[in-house]
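Residue-level listing of the chains:
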Amino acid sequence: ENELSVAFHQNERFHAVLNRACGNQILEEALNVYNERTNLVRSFAFRSIESLQRSAREHHNIINSGESSDRAAFVGAILKHVLGAKKSFLASHASI
């Protein structure tokens with residue numbers, strides 16, 4: 001496996017653990033299905049070291065805000081991560 005493949009699989013595991021932590025099996029299953037269906041979009045984050053570093057920082061922010069029990073910070077960190085990934089994907093396809 002190359003480094004990008006390893007990073008992709010680590011990202012998959014992070015999201016699976018985060019989904020499991022919600023404590024709601026139905027929501028966890030729905031989030032896992034969503035993750036599977038968006039693999040192509042999310043894989044674009046693994047095309048540059050900058051994107052990988054940004055994603056890692058955002059994951060750390062999600063973990064830290066979740067551990068601090070600051071709901072607003074946790075939701076904000078997740079929104080920043082999701083919206084940032086969307087923006088990156090759309091920007092990478094702007095010329096298509």
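Residues numbered from 1 in each chain as written. Predicted model: local features only at pLDDT ≥ 70, side-chain atom pairs only at ≥ 80, totals over all residues. Heavy atoms only, no water.

Notes on the overall build of the protein
Here comes step 1: In terms of regular secondary structure, the protein is built from 5 helices and 0 strands.
Here comes step 2: Ordered by position from N to C terminus, the α and β elements of the protein give α-α-α-α-α.
Here comes step 3: Across its three principal directions, the C-alpha atoms of the protein cover 40 × 25 × 25 Å.
Here comes step 4: Here the protein, with 96 residues, has 25% of them falling under the buried criterion.
Here comes step 5: Put simply, of all contacts in the protein between residues at least 6 apart along the chain, 53% involve residues at least 24 apart.
Here comes step 6: With the model as given, the accessible surface of the protein reaches about 6900 Å², and the carbon-plus-sulfur share is 59%.
Here comes step 7: Here the protein contributes 11 positive and 10 negative side-chain charges, whose respective centroids are spaced 7 Å apart. (Helix = DSSP H or I, 4+ residues; strand = E, 2+ residues; numbered from the N terminus. Buried < 20%, exposed > 50% of the residue type's maximum accessible area, 1.4 Å probe, protein only. Contact = heavy atoms within 4.5 Å. Areas by Shrake-Rupley, 256 points an atom, 1.4 Å probe, with all protein chains shown as cover. Lys, Arg positive; Asp, Glu negative; His and termini not counted. Charge placed at Lys NZ, Arg CZ, Asp CG, Glu CD.)

Focus on the side chain of Glu 28
Here comes step 1: Assignment of secondary structure puts Glu 28 in helix H2 (residues 25-37).
Here comes step 2: The residues touching Glu 28, leaving out its near neighbours within four places in the chain, are Asn 19, Arg 20 and Cys 22.

Side note on helix H4 (residues 49-67)
Here comes step 1: With 19 residues, H4 should reach 27 Å at 1.5 Å per residue; the first-to-last C-alpha distance of 27 Å fits that figure.
Here comes step 2: Residues of H4 that are buried: Ser 51, Leu 52, Arg 54, Ser 55, Glu 58, His 59, Ile 62 and Ser 65. Seen from one end, H4 has its buried residues packed into an arc of 160°, which puts them on one side. Seen from the buried face of H4, the exposed residues on the opposite side, beyond 90 degrees, are Ile 49, Glu 50, Arg 57, His 60 and Glu 67.
Here comes step 3: Check the buried side of H4 and you find it contacts helix H1 (3-20) and helix H5 (71-92). (Expected span 1.5 Å × (residues − 1). Arc of directions from axis to C-beta.)

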